[in-house]
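Secondary and tertiary structure notes
Listed here are the chains, written in short residue letters.
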Amino acid sequence: MFSFGTHNVGIDLGTANTLVYIEGKGIVLREPSVVARNTKTNEIVAVGQAAKEMLGRTPGSIKAIRPLRDGVIADYDSTVAMLKYYITKALGERGMANAKPYITIGVPSGVTAVEQRAVIDAARIAGARDAYVIEEPFAAAVGAGLPVMEPTGSMVADLGGGTSDIATISLGGIVSSRSIRMAGDKIDEAIMTYIRQNYSILIGEQTAERLKMEIGSADIQAAKEMEGSTARGRDLVTGLPKTVDIPAVDIAEAINDVIAEIIVAIKETLEETSPEIAADVIDHGIVLTGGGALLKHIDEVIAEATKVPVFVAPDPLDAVVIGTGEALKSIDVLKNN
């Protein structure tokens, strides 16, 4: 058993956002997973919120990228730089120098062994003494306060930026799971595509994300009663900037196919479980975590489709990182997995 101090770190290394949890302190950092790099000198110019604000606005010599795509590392060097920056920012220069931390990192349940190794290696290069991965739906269930170690079935759907991870859990392990690359990013892409096709306007990722958060709804009928919003972009006909009014029902129709895919994955996960665990899930319901849990009417739509009660976790955005932090207390379990 390792001797643990107070500087061990849990990280939710998300496609959209990275959260850092320090043992004894709680969540200390919450930043977008974005890195801006000078393409001529290869130097990191900005990380996090500052880099996110550069997305789509950089000159030719600077490139703002999201180093994780669909829940896995797409740009290894930028991920290492980002991790190092966040760990150092969370612990402080002195904290990093005095105690190289043990780190647990949440990863999607569908990642390969090679992808897991890439995450562990990135954390070690960034300054970890050692690193362990924990599957995001399990971490989310722990963070949401579900009785994961009990002989009773729990079900969680972690709707993140790059992946939606759905799992049934019992006795400290995942019984059945699905990880699909249908999540926040795909919803944003669907909104961008819909507005381009129906309004002949080209909008950026940040505008699509804002529309999703402001007027996005998983229920088309409910969206008809909601207020709309505006979108600014480039008119594909004239090439000039243009502002258009967007009804909420248009956003609901745009994202309908992505929501349908998530529901299919939830149903398939339920179908794979034993009758006993399925009965437990009917009793206790499905718990939603991640940014997708904040989409309006998503709980009602999933409950209607599955005929199972659905609840949004108390802090859906924080559930995975709290779970990775809690996992630091059970390091022997992680070592043996």
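Each remark here, short or long, concerns the structure printed above.
The paragraphs below set out a description of the structure included in this document. Keep in mind that this is a model prediction, so the values were computed, not measured.

What follows is about the overall build of the protein chain. Helix and strand content of the protein chain: 12 helices and 18 strands. The C-alpha radius of gyration of the protein chain comes to 20 Å, within 12% of the 20 Å expected for a compact globule of 337 residues. Projecting the C-alpha coordinates of the protein chain onto the three principal axes gives extents of approximately 65 × 60 × 30 Å. For the protein chain, the proportion of its 337 residues judged to be buried stands at 52%. Within the protein chain, contacts between residues at least 6 apart in sequence are counted, and of these 62% link residues at least 24 apart. For the protein chain, the exposed area adds up to about 15,100 Å²; of that, 50% sits on carbon and sulfur atoms.

Note that Glu261 resides in helix H8 (residues 248-271). With a relative accessible area of 41%, Glu261 lands in the partly exposed category. A C-alpha to C-alpha distance of 9.6 Å links Glu261 and Arg181, two positions 80 residues apart in sequence.

Moving on, we come to the nonpolar core. Grouped together as the largest cluster of nonpolar side chains are 44 residues, with contacts concentrated most on Ile191, Ile259 and Ile286. Broken down by secondary-structure element, the contributors of at least two residues to this core are strand E11 (154-159), helix H5 (184-199), helix H6 (205-215), strand E16 (241-246), H8, helix H9 (275-284), strand E17 (286-289) and helix H10 (298-306). Looking at this core, the element that brings in the most residues is H8, giving 13 residues. Excluding residues that lie within four positions of it along the chain, Ile191 makes contacts with Ile203, Ala208, Leu211, Lys212, Ile251, Ala254 and Ile255. Grouped together as the second largest cluster of nonpolar side chains are 31 residues, Ile11, Ala90, Val107 and Ala123 included.

Another aspect to go through is unusual backbone geometry. Notably, Asn42 is not glycine yet its phi reads approximately 65°, a positive angle. With respect to the helices and strands, the residue Asn42 is situated in the loop between strand E4 (35-38) and strand E5 (44-47). Backbone geometry places Ser200, a non-glycine residue, at a positive phi of 55°. Residue placement: Ser200 occurs in the loop between H5 and strand E14 (201-202).

This part is about the sheet that holds E5. The sheet built from 3 strands is open, its strands ordered E5-E4-E6 with antiparallel pairing. Strand pairing shows two members of the sheet lacking a second neighbour, E5 and strand E6 (62-65), which therefore form its edges. With strand direction ignored, the average angle separating the axes of adjacent strands in the sheet is 15°.

Turning our eyes to something else, we now look at H5. For H5, which comprises 16 residues, the first-to-last C-alpha distance of 22 Å matches the rise-based estimate of 22 Å (1.5 Å per residue) to within 8%. Three or more residues of H5 are buried, namely Gly184, Asp185, Ile187, Asp188, Ala190, Ile191, Tyr194 and Ile195. Where H5 is buried, its residues meet strand E7 (68-69), E14, H6, E16 and H8. Looking one or two residues past H5, Ser200 carries a phi angle of roughly 55°, positive in sign.

Here we take up the sheet that holds strand E15 (residues 229-235). The strand order E14-E15-E16 describes an open sheet built from 3 strands, whose pairing is antiparallel. Pairing within the sheet leaves two strands with one partner each, and these edge strands are E14 and E16. Here E14 runs beside E15; their pairing, made up of 2 bridges, is antiparallel. Of the residues in E15, the one forming a bridge with Ile201 is Asp235.

Inspection of the secondary structure assignment puts Thr306 in helix H10. Among the polar contacts made by the side chain of Thr306, one reaches the main-chain carbonyl oxygen of Ile302 at a distance of 2.8 Å.

Turning our attention to helix H3 (residues 113-126). With 14 residues, H3 extends 20 Å between its outermost C-alpha atoms, agreeing within 8% with the 20 Å of an ideal straight helix rising 1.5 Å per residue. Listing the buried residues of H3 in full gives Ala118, Val119, Ile120, Ala122, Ala123 and Ala126. The first or second residue beyond H3 is Gly127, which carries a positive phi of 130°.

Rules and cut-offs
- Residues take numbers from 1 onward in each chain, read along the sequence in its written order.
- Two thresholds apply to this predicted model, a pLDDT of at least 70 for residue-level local features and 80 or more for giving and counting side-chain atom pairs, whereas whole-chain, interface and lining totals are computed over all residues.
- Hydrogens and waters are ignored; side-chain quantities use all the structure's heavy atoms.
- The helix count covers DSSP runs of H or I at least four residues long, the strand count covers runs of E at least two residues long, and both are numbered beginning at the N terminus.
- Radius of gyration: over C-alpha atoms. The globule rule applied is 2.2 Å multiplied by the number of residues raised to the 0.38 power.
- Working definition: with a 1.4 Å probe on protein chains only, accessible area under 20% of the residue-type maximum means buried, over 50% means exposed, and in between means partly exposed.
- Should any heavy atoms of two residues lie within 4.5 Å, those residues are counted as being in contact.
- Shrake-Rupley sampling with a 1.4 Å probe provides the accessible areas, and residues are treated as covered by the protein chains on show and by no other component.
- The term nonpolar core refers to a set of buried residues drawn from Ala, Val, Leu, Ile, Met, Phe, Trp, Tyr and Cys, joined through side-chain atoms within 4.5 Å.
- For two strands to pair, DSSP has to find at least two bridges joining them.
- What counts as an axis is a line fitted to C-alpha atoms, over the stretch in contact for a helix, and the angles between N-to-C directions run from 0 to 180 degrees.
- To estimate how far a helix should extend, the number of its residues minus one is multiplied by 1.5 Å.
- Here a polar contact means two N or O atoms within 3.5 Å. Within protein one must be a hydrogen donor candidate and the other an acceptor candidate, and residues neighboring in sequence count only if both atoms are side-chain atoms.

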